[in-house]
Amino acid sequence: MPTVAATPITPPDQHVVTAREAIEPLYEKLELQMESLVLSAALEAGWSSDEATEALAALRLQDALSTLGRTA
């Protein structure tokens, strides 16, 4: 049976980047994809681009307030 060499684990204080720095680019990419899909769906449903953009902004605000434990 082959043996596997132990891989050293880098302690948190020696990481080159933080977890946030590591996942932020992916989060931003997914956010842009989501916005594009939502706006496309709204336009296909007959909404104007202004209506769709305003609705998406309202959803973002509602989500942010919810995250902070506040209500609109």
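Residues numbered from 1 in each chain as written. Predicted model: local features only at pLDDT ≥ 70, side-chain atom pairs only at ≥ 80, totals over all residues. Heavy atoms only, no water.

### So, helix α1 (residues 19–44)
Using the following cut-off: A helix here means a DSSP run of H or I that spans at least four residues, while a strand means a run of E at least two residues long, and both kinds are numbered starting from the N terminus. The length a helix should cover is 1.5 Å for every residue beyond the first. Bend at a given residue is defined as the angle between two axes, one fitted to the seven residues that end at that position and one fitted to the seven that begin there.
Helix length check: α1 (26 residues) gives 37 Å between terminal C-alpha atoms against 38 Å at 1.5 Å per residue, within 8%. When the local axis directions of α1 are compared, the greatest deviation, roughly 30 degrees, occurs at proline 25. Of the residues trailing α1, glycine 46 is marked for its positive phi of about 100 degrees.

### Observations regarding the pattern of salt bridges
Filter applied, for reference: Just to be clear on terms, a salt bridge is a Lys or Arg side-chain nitrogen sitting within 4 Å of an Asp or Glu carboxyl oxygen. Partly exposed residues are those whose accessible area sits between 20% and 50% of the maximum for their type, while under 20% is buried and over 50% is exposed, using a 1.4 Å probe and protein chains only.
Taken as a whole, this structure holds two salt bridges when the rule is applied. Measuring nitrogen to oxygen at the nearest pair gives 3.9 Å for the salt bridge that ties glutamate 24 to arginine 20. Separated by four residues within a single helix, glutamate 24 and arginine 20 lie in helix α1, roughly one turn from each other. On the accessibility criterion, arginine 20 (61% relative accessible area) is exposed. Note that glutamate 35 and arginine 60 form a salt bridge whose closest N and O atoms lie 3.0 Å from each other. Here glutamate 35 is found in helix α1, whereas its partner arginine 60 is found in helix α2 (residues 49–67), with 25 residues between them in sequence. For glutamate 35, a relative accessible area of 16% puts it in the buried group. For arginine 60, a relative accessible area of 37% gives the class partly exposed.

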